[in-house]
Amino acid sequence: MSAWLAVCISAFSFILALTSLIVTYRQKRQQDRLSARKTLSDNIDSLIDISIESSKLPFGKDSTNEAISLRRSLATRRRFLVKHAMVLAKEIPELCNDVDYNVIASAYDQTYAFEASEAAWLRCIELSSDPSARAMNRRGIARFYFGQGRFEDGRRQYQLSLEDVEGDSDASRRLRADTHAMWSATELDFGFIEEAKRRRHLAESESNRIAGKKSREDMLNFIHSIVFEDIADKNA
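Described below are features of the structure shown in this document. Note that the coordinates shown come from a computational prediction; the quantities given were computed from them, not determined experimentally.

About the thresholds
Throughout this document, residue positions are counted from 1 along each chain, in the order its sequence is written. At least 70 in pLDDT is required for a residue's local features to be given in this predicted model, at least 80 for side-chain atom pairs to be given and counted, and no such filter applies to totals for whole chains, interfaces and linings, which use all residues. The basis for every side-chain value is the complete set of non-hydrogen atoms in the structure, without hydrogens or water. Counting from the N terminus, the helices are the DSSP runs of H or I reaching at least four residues and the strands are the DSSP runs of E reaching at least two. Here the expected span of a helix is defined as 1.5 Å times the quantity of residues minus one. Buried means the residue's accessible area, taken with a 1.4 Å probe over protein chains only, is under 20% of the maximum for its type, while exposed means over 50%, and partly exposed covers the values in between. Directions are taken from the helix axis to each C-beta atom, and the arc is the one they span. The contact criterion used is simple: two residues touch if any of their non-hydrogen atoms lie within 4.5 Å. Of the two site types, the cavity is a set of points on a 1 Å grid over the protein atoms alone where a 1.4 Å probe fits but cannot get out, and the pocket is an open set with protein on both sides within 12 Å along at least five of seven lines, each lined by residues with an atom within 4 Å of a point. Grid points are joined across faces, edges and corners, and a volume is the space filled by probe spheres set on the points. Any residue outside Ala, Val, Leu, Ile, Met, Phe, Trp, Tyr, Cys, Pro, Asp, Glu, Lys and Arg is labelled polar, Gly included; the first ten of those are nonpolar and the last four are charged. Two N or O atoms form a polar contact when they lie within 3.5 Å of each other; inside protein one atom must be a possible hydrogen donor and the other a possible acceptor, and for residues adjacent in sequence the pair counts only when both atoms belong to side chains.

**Considering the environment of Leu 122**
Inspection of the secondary structure assignment puts Leu 122 in helix H4 (residues 114–126). Sequence separation between Leu 122 and Arg 138 is 16 residues, and the spatial gap between their C-alpha atoms is 8.6 Å.

Structure representation (structure tokens):
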């Protein structure tokens, strides 16, 4: 009887120790994942800061030796951070979101890692939390495709972006108008004047359907600020 009791006590002690080990392991793993998520968030934030700082630097004929040197330093830092961010994203895929991959895709594009950028854009779209987010993310890869000379792929993504917008509320009309305007600006940038004109008119038409007066005027002003009224002059 005493031997049987000793066996039961030993078995219970073993189970207790094993349970404690499993709980400790899970807690440690969760802490490691949360720590990786925080590091990834810091990297994403830093990549955004780099883009903002880079945009402030003079470019082209207005550039200076100091600006060129700083831009190169920022580019090196961007390459380091995006590679680290991608390693972390692969370690904790369940804790990543579309915004993470949006920033990663843009950073890869800016470092000329185009294959990696496309993969990140596609993952960004896949992780979109809702149709409106997916619509906005598609605009990112659409612009990317234009930059790669893949114009029809880009147009297809802009069209899918429009189709992702649900309903006919003012918010939906505003998002569709914004997408047409961005599409128009992209076509203009790449020399497709007639399509740029067509998209501008569609943006204006969608904006005029916005019921709210201020919202409607704000969107029309925005359209005119990024898509010139004298768009035909771009043929010159």
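Resuming the write-up.
**Some thoughts on H4**
A rise of 1.5 Å per residue sets the reference length of H4, with its 13 residues, at 18 Å; its end C-alpha atoms lie 18 Å apart and thus fit the reference within 8%. Along H4, the residues classified as buried are Ser 117, Glu 118, Ala 120, Trp 121, Cys 124 and Ile 125. Each buried residue of H4 lies within a common arc of 165 degrees when the element is viewed along its axis, so the set occupies one face. Turned more than 90 degrees away from the buried face of H4 sit Glu 115 and Glu 126, all of them exposed. Contact partners of the buried residues in H4: helix H3 (98–110), helix H5 (131–147) and helix H6 (151–164).

**Some remarks on the environment of Ala 177**
Its location among the elements puts Ala 177 in helix H7 (residues 170–189). What makes Ala 177 buried here is its relative accessible area of 0%. With 32 residues separating them along the chain, Ala 177 and Arg 209 place their C-alpha atoms 9.5 Å apart. Each residue touching Ala 177, except ones within four places of it in the same chain, is listed here: Ala 203, Glu 206, Ser 207 and Met 219.

**Details of the layout of surface pockets**
Its volume calculated, the largest pocket comes out at about 350 Å³. Residue lining of the largest pocket: Ser 54, Phe 59, Ile 68, Arg 71, Arg 72, Ala 75, Arg 78, Arg 79, Asp 109, Gln 110, Thr 111 and Tyr 112, and that is the complete set. Only helix H2 (65–91) and H3 provide two or more residues apiece to the lining of the largest pocket. For the lining of the largest pocket, the element with the highest residue contribution is H2, accounting for 6 residues. Looking at the lining of the largest pocket residue by residue, the class counts come to 4 nonpolar, 3 polar and 5 charged. In this model, the second largest pocket occupies a volume close to 180 Å³. Around the second largest pocket, the lining residues are Ser 106, Asp 109, Gln 110, Trp 121, Gly 140, Arg 143, Phe 144, Gly 147, Gln 148 and Phe 190. Counting residues per element, the lining of the second largest pocket draws most heavily on H5, which supplies 4 residues. In terms of residue class, the lining of the second largest pocket is built from 3 nonpolar, 5 polar and 2 charged.

**What about H5?**
In this model H5 runs 25 Å from its N-terminal to its C-terminal C-alpha over 17 residues, within 8% of the 24 Å that 1.5 Å per residue would give. For H5, the secondary structure elements touched by its buried residues are H3, H4, H6 and H7. For H5, the N-terminal capping position is held by Asp 130, with its side-chain oxygen 3.0 Å away from the main-chain nitrogen of Ser 132. After H5 finishes, the residue Gly 149 shows a positive phi value of roughly 80 degrees.

**Observations regarding the side chain of Arg 33**
Mapped onto the elements, Arg 33 comes out in helix H1 (residues 2–56). A residue is classified by how much of its surface remains accessible, and Arg 33, at 17% relative accessible area, is buried. A polar atom in the side chain of Arg 33 sits 2.6 Å from the side chain of Glu 94. For Arg 33, the residues in contact, after removing those within four places along its chain, are Ile 92, Glu 94 and Leu 95.

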